[in-house]
Amino acid sequence: MLLIPCPWCGDRDETEFHYGGQAGVPYPERPADLSDEDWGRYLFVRDNPKGRFEERWSHSAGCRRWFSIVRDTVSNEIVR
Amino acid sequence: MRLPEGGRIDRTKPLRFTVDDIEYTGCAGDTLASAMIANGLLEVAPSAYRQRPRGIFAAGVDEPNALVQLDDPMQLATTTELVDGLAAILLSGKGRLIDTPDPTRYDKRNVHCDVLVVGGGPAGVAAALTAGRTGARVILADEQNELGGGLLTENRLLDWLADAVDELDALDETRILTGTTAFGYYDQNFVALAEKHRLWHVRAKRVVLATGAHERPLVFVDNDLPGIMLSSAVRQYVNRYAALPGENIVVATTNDAAYGTAFDLATRVSTIVDSRPEPPRELVRRAQELGIEVLAGAHVQQALGTRRIGGVRVGDRQIACDLLAVSGGWSPAVHLFSQSQGKIRYDERVAAFVADKSVQEQHIVGAANAVYDLAGCLREGFRAGLEAAKRTGFDGSLPEAPYAATETVAPPTPVWFVDGPEDRQFVDLQRDATVADVRRATGAGMRSVEHVKRYTTIGTAHDQGKTAGFAAIGVITQLLGAEAPQGTTTYRPPYTPVSFALLAGRDRGELHDPVRMTPMHDWHVRNGALFENVGQWKRPWYYPRPGEDRKTAVLRECRAARTSVAVMDASTLGKIDIQGPDAGEFLNRMYTNAFAKLKVGHCRYGLLCRPDGMVFDDGVVMRVAENRFLATTTTGNAAAVLDWFEEWSQTEWPDLKVWFTSVTEQWATIAVVGPQARTVLSIVAPDVDCSAESFEFMTFRDVRLADGTPARIARVSFSGELAFEINVDGRHGAEVWNAVMATGLPTPYGTETMHVLRAEKGYVIVGQDTDGTVTPQDLGMEWIVSPRKDFVGKRSYRRPDAVRPDRKQLVGLLPVDPEDLLPEGAQLIAPDTSLAQPVPMLGHVTSSYHSAALERTFALALVKGGRQLIGQTVLAPLRDRTIAATVTEPIFYDPEGTRRDG
Ligand SMILES: [Zn+2]
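Residues numbered from 1 in each chain as written. Chains lettered and ligands numbered in written order. Predicted model: local features only at pLDDT ≥ 70, side-chain atom pairs only at ≥ 80, totals over all residues. Heavy atoms only, no water.

Caption draft 1: Quick peek at the coordination of the zinc ion. Residue and element names in this part refer to chain A. Looking at the zinc ion, one finds its protein donor set to be Cys6 (SG), Cys9 (SG), His59 (ND1) and Cys63 (SG), positioned 2.0 to 2.3 Å from the metal centre. Here the donor residues of the zinc ion are spaced in sequence according to C-x2-C-x49-H-x3-C. Within this pair, whereas Cys6 is found in strand β1 (residues 3-6), its partner His59 is found in the loop between β4 (52-58) and β5 (66-72), the two being separated by 53 residues in sequence. Take His59: its relative accessible area is 0%, and that puts it in the buried class. (Donors = N, O, S within 2.8 Å, 3.2 Å for Na, K, Ca; no water. Helix = DSSP H or I, 4+ residues; strand = E, 2+ residues; numbered from the N terminus. Buried < 20%, exposed > 50% of the residue type's maximum accessible area, 1.4 Å probe, protein only.)

Here's what the structure looks like:
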């Protein structure tokens, strides 16, 4: 059970959160202009590194705010 | 036998117990195993696979043989506290599940602490003392019923221990948990502890692991005979329980520790067989003083005897004995350390895997850190306890250590196995796995202990390799001719078995999951509703009258809705209050159809899709004010839709001024459905003009009911009939429902009828007729996909995958025999398809019902290229028969929509 630092509520147990996958994958500004390949990449392709990973969480059973943390996917250490 | 004096048992409190229905007597303070030994009972049930005689081998959680059936299915005699009346049945490897419910109440506690100390031996007690004295919140947990660990086995520093326990007891912020096993070590110092009837979830700022070490067995021919026991177990039985397992003892060792056992039992020990060519001189001298012969550089090749050991063969010599105390070295108990992601490495000096690098905020001390002398354990414990407290913001100082002579522990000389028949040299007593089995595994090309484990099953029984694990590693190392062991198997929770009942605690039965009930729930119960679980909600399913089965009741409810008037409790629909100047723009970007220009007082049905274009949820949205909407969601998806809105507004469009609040419970909703709906409304809300002209379809108004209750009435329909939804404050839900029923007109109906009515109209239920792979176009709902504006998912409809002609499309099915009901989920195939596997599937049935209006059965289905198949026949091959059905448009009733206005 991770202890996740919500920037608004402080450290809380993982059960209060929803996982949101990789951070920094913005919704394309003009999806209509993208090629099928680029749109497909936005939809389906995400990094899956061994080590540090910037990812999104939502404190869904708390303040409902979304935020990003950097977590080591091997040790589960939350770096920031 | 029981020694005349000594031990920590209470001889004034005799306890009666039975083993295999024979009565014995033990003492308070005994374990079942120590009481058995005191009664001369060493042999237990034969081994599970080869039916070889086996005896008590260990004294704790590492016991491989002494399994018993108690009230709980499979317990260790060595960890079972003796109580009066205990009835034990010896087990060969397997227990029996008990089929009566466990009446015990189990509980959970969640606690935070500054320092959690795991293990109450000398190092752990020392750590708890220095940490506790600083005022830090300390928890000290130990699996035994008494603190002391190895001190109780070795009879050392017992006065210091008693003082330390008194002091810890007196510390306000220190909690001692005996009889409590730390069995799981998870991320960020989250440690799970199992007390007998209580599960502890501990979040600790620092953890001190003082988990000790496990003594290892020796592998030689017939090393499984009863009367062969770990040397530390022999010492513990004698010193702690005054239970003597043998009169004429040989000690076989690879290291210093077993000498302590020999010295404590001096007059009964004839020989020490030490694998080391040059054992420490001081130990040899002391042994000789006590009249014990030391055979250096020697090892036991074979145990002699049939039901119990009678002697050992060492080289050419045979030495008689009735007990062989073995010590194959020590393995630090790095289980929790390793679970916490700590890295371990092989240390030649102590011939064991030791802690190398911590990942979490922790310390590992004492025997768990391969420090085996008492002075060293105390020193490490004191330091770690203080350091842990300091790291959490407290301060203190190191105490003077109690007297414990500094000892040098000489390195061991491991012996992995001996020359001789390998199928009688046991590596894993529980699995009856031998050196021969390991050789078969390495002979088959396996190198890694993980592979050998799975091939031989070594280490997979109840103790998960606590004794066998390292023995196997040693044998593999020698068979492969490797220099040093290459690695261990992965340590996973739980450290010792934990019952499901303990993990579940009170979260079982009614308390397994929260139950949500609408304000009208009591009425439904009183009026005989059967309920369906929808998420956590209890929804009325149908209301059978006496003598009615489901089909009859549902047909009656359907007829009422189509021919007179019926009402349903729709309060469980999710409701989200959406406010802000950009609310309209936000909804425009989320829903497939447009909302920005929806007029105040109007409603619109909307569809939500994921970016991949697949249908995610649907519902009616009302515009309550210029800057305020009320969106409804499906009952099961309310939380997910709220999360979805929050995600997009916060992470993609933070510039939009829009806010969301769940108001599901704030409203109670009553759907009044059927051609006579206006009659009901005219009584319940006499001031409202409900005529088709003045109260248009897909509009709503805020009104007052007959008794003055404020209500919001909407003209929406999920059945195709004239329908009104009366929404009131949840607190008025029951009384308004009563008022509606008091008109004497409506028939109450449940979810089953609701499903039939909507399916007759071809309205889909998200999650039943869709499964996350279905686009609006697949459902034939192109009409709701705006060609003008952009919205989440729109780009995906140009992907080649979205326009494949063989996508599964929603169609209707009419079974050729109008009485035949297709099972929901049934697979569909084309006629003349061979049933040889693999069978090419066309799709599957998503909804299927008897229809009162159609006077026959019908179904909805997702079928590849389904719209092209309209008019053709498909087959549903079932286990015992095949149902043929005609493919139709997915609308069966009133396709022109003439009934909407009543
Ligand atoms: Zn929060």
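Caption draft 2: Expanded view of helix α11 (residues 449-456) of chain B. All names here are of chain B. If you check which residues of α11 are buried, you get Val449, Glu450, Val452, Lys453 and Thr456. Buried residues of α11 fall within an arc of 165 degrees about the axis and therefore sit on the same side. Contacts made by the buried residues of α11 are with β28 (433-434), α10 (435-443) and α12 (468-479). Two to three positions downstream of the cap, the backbone nitrogen of Glu450 sits 2.9 Å from a side-chain oxygen, assigning the N-cap of α11 to Ser448. (Arc of directions from axis to C-beta. Contact = heavy atoms within 4.5 Å. Polar contact = N/O pair within 3.5 Å; in protein donor to acceptor, adjacent residues only side chain to side chain.)

Caption draft 3: Geometry of the environment of B:Asn637. Residue and element names in this part refer to chain B. Note that Asn637 resides in the loop between β35 (628-633) and α17 (638-652). Each residue touching Asn637, except ones within four places of it in the same chain, is listed here: Phe616 and Asp617. Among the polar contacts made by the side chain of Asn637, one reaches the side chain of Asp617 at a distance of 2.9 Å.

Caption draft 4: Main features of the interface of chain B and chain A. Across the contact, 29 residues belong to chain B and 27 residues belong to chain A. Taken together, the two surfaces of chain B and chain A that pack against each other cover about 2400 Å², and 46% of this comes from carbon and sulfur. Of all residues in chain B, B:Gln188, B:Gln650 and B:Arg795 give up the largest surface area on contact with chain A, accounting jointly for 25% of the area buried on that side. At the junction of chain B with chain A, the criterion picks out four salt bridges. Put simply, A:Asp13 and B:Arg203 hold a salt bridge, and the shortest N to O gap is 2.7 Å. Inspection of the region where chain B meets chain A yields 20 residue pairs in polar contact (both at pLDDT 80 or more). When residues of the side of chain B that touches chain A are traced back to their parent elements, those giving at least two are α17 and β36 (659-662) of chain B. Looking at the side of chain B that touches chain A, the element that brings in the most residues is α17(B), giving eight residues. Here the side of chain B that touches chain A is built from residues that sort into 11 nonpolar, seven polar and 11 charged. (Buried area = accessible area lost by both parts, 1.4 Å probe. Salt bridge = Lys/Arg side-chain N within 4 Å of Asp/Glu carboxyl O. Nonpolar A, V, L, I, M, F, W, Y, C, P; charged D, E, K, R; others polar.)

Caption draft 5: Main features of the pairing of strand β19 (residues 300-305) of chain B. Residue and element names in this part refer to chain B. Two elements, β19 and strand β20 (residues 309-314), share five bridges in a ladder whose sense is antiparallel. Its bridge partner lying in β20, Gln302 is registered against Arg313. Taking the residues that link successive antiparallel strands as the turn, the β19-β20 hairpin has three residues. (Pairing = 2+ DSSP bridges.)

Caption draft 6: The pattern of salt bridges, seen in detail. Residue and element names in this part refer to chain B. If you walk through the whole model with that rule in mind, you get 61 salt bridges over all chains. Where Arg731 meets Asp729, a salt bridge forms, and the shortest distance between an N and an O atom there is 2.8 Å. Exposure remark for Arg731: the relative accessible area of 71% places this residue in the exposed category. A salt bridge links Arg807 to Asp801; the shortest N-O distance between them is 3.2 Å. Bridged by salt links that share partners, the residues Arg52, Arg54, Asp222, Asp224, Arg424 and Asp432 form one connected network.

Caption draft 7: Up close: the sheet that holds strand β43 (residues 827-828) of chain B. Residues and elements named next belong to chain B. The strand order across the open sheet built from six strands is β43-β44-β45-β42-β47-β46, with neighbouring strands paired in antiparallel fashion. Strand pairing shows two members of the sheet lacking a second neighbour, β43 and β46 (873-877), which therefore form its edges. Strand direction decides the pairing type here: β46 and strand β47 (residues 882-888), joined by five bridges, are antiparallel. Its bridge partner lying in β47, Ala876 is registered against Ile883. Across the sheet, helix α20 (residues 751-760) touches β44 (843-851) and β45 (856-864), and the angle it forms with β44 is around 110 degrees. (Axes fitted to C-alpha atoms, helices over the stretch in contact; angles between N-to-C directions.)

Caption draft 8: Layout of a negative patch on the surface. On the surface, a cluster of negative charge is made up of B:Asp159, B:Asp163, B:Asp166 and B:Asp169. Structurally, B:Asp159 is set in helix α4 (residues 158-170). (Patch = residues over 30% accessible without salt bridge, like charges linked within 9 Å, V, L, I, M, F, W, Y side chains within 5 Å. Areas by Shrake-Rupley, 256 points an atom, 1.4 Å probe, with all protein chains shown as cover. Lys, Arg positive; Asp, Glu negative; His and termini not counted. Charge placed at Lys NZ, Arg CZ, Asp CG, Glu CD.)

Caption draft 9: Region of interest: the sheet that holds strand β2 (residues 22-28) of chain B. Residue and element names in this part refer to chain B. Pairing is mixed in the open sheet, where five strands are placed in the order β2-β1-β7-β5-β6. What marks the edges here is a single partner per strand, and that holds for β2 and β6 (75-76). In this structure, strand β1 (residues 10-19) lies alongside β2, joined through seven bridges in antiparallel fashion. Paired with Phe17 across the two strands is Tyr24, which belongs to β2.

Caption draft 10: Broad picture of the side chain of B:Asp30. All names here are of chain B. Its place among the elements puts Asp30 in the loop between β2 and α1 (32-38). On the accessibility criterion, Asp30 (1% relative accessible area) is buried. At 2.5 Å, the side chain of Asp30 and the side chain of Arg2 are in polar contact. Among all residues touching Asp30, those that are not within four sequence positions of it are Arg2, Ile9, Ala35, Glu81, Leu82 and Tyr241.

Caption draft 11: Spotlight on the environment of B:Arg804. Residues and elements named next belong to chain B. Mapped onto the fold, Arg804 is located in the loop between α20 and β42 (808-815). Relative accessible area serves as the criterion here: at 35%, Arg804 is assigned to the partly exposed category. Here the side chain of Arg804 touches Asp801 through a polar contact of 2.9 Å, side chain to side chain.

Caption draft 12: Quick look at the packing of helix α16 (residues 583-590) of chain B against α17(B). Residues and elements named next belong to chain B. One can describe the packing of α16 onto α17 by two numbers: an axis separation of 11 Å at closest approach and a directional angle of 110 degrees. When the interaxial angle is binned, α16 and α17 end up roughly perpendicular. Along its contact with α16, which presents Phe586, Leu587 and Met590, the element α17 presents Trp644, Phe645, Trp648 and Ser649. Residues belonging to the contact of α16 with α17 are distributed by class as follows: six nonpolar, one polar and no charged. (Parallel < 35°, antiparallel > 145°, perpendicular 65-115°, else oblique.)

Caption draft 13: Representation of the side chain of A:Glu55 within the structure. Residue and element names in this part refer to chain A. Topologically, Glu55 is positioned in strand β4. Of note is the side chain of Glu55, whose polar atom sits 2.8 Å from the side chain of Tyr19. Reaching out from Glu55, the side chain makes a polar contact with the side chain of Trp57 at a distance of 2.9 Å. The residues contacting Glu55, other than those within four sequence positions of it, are Tyr19, Gly21, Gln22, Ala23, Phe67, Ser68, Ile69 and Arg71.

Caption draft 14: Here's a closer look at the nonpolar core. All names here are of chain B. Of all hydrophobic cores here, the largest spans 78 residues; its most connected members are Leu32, Met36, Tyr237 and Leu324. Here this core takes six residues from α1, the largest share from any one element. Ignoring sequence-local partners within four residues, the contact set of Leu324 consists of Phe220, Gly227, Ile228, Met229, Val250, Ala252, Val300, Ile309 and Val312. Judged by nonpolar contacts, the second largest core, of 38 residues, contains Ala561, Ala566, Leu757 and Phe791. (Core = buried A, V, L, I, M, F, W, Y, C linked by side-chain atoms within 4.5 Å.)

Caption draft 15: Looking closely at the packing of aromatic side chains. Scanning all chains against the criterion turns up 35 aromatic pairs over all chains. Between A:Phe17 and A:Phe67, the aromatic rings sit 5.9 Å apart at their centres with planes inclined by 80 degrees, giving edge-to-face as the arrangement. In this pair, A:Phe17 is assigned in the loop between β2 (10-13) and β3 (18-22) and A:Phe67 in strand β5, connecting sequence segments 50 residues apart. Each member of the pair, A:Phe17 as well as A:Phe67, carries the same accessibility label: buried. Pairing B:Trp330 with B:Tyr372 gives two aromatic rings, centres 6.5 Å apart and planes at 45 degrees, and the pair type is tilted. Taken together, the positions of B:Trp330 in strand β23 (residues 330-332) and B:Tyr372 in the loop between β26 (362-364) and α9 (374-391) put the pair 42 residues apart, joining distant regions of the chain. A relative accessible area of 18% means that B:Trp330 is categorised as buried. A relative accessible area of 27% means that B:Tyr372 is categorised as partly exposed. (Phe/Tyr/Trp six-rings, centres within 6.5 Å; stacked < 30°, edge-to-face > 60°.)

What is shown is where atoms sit, not what they do.
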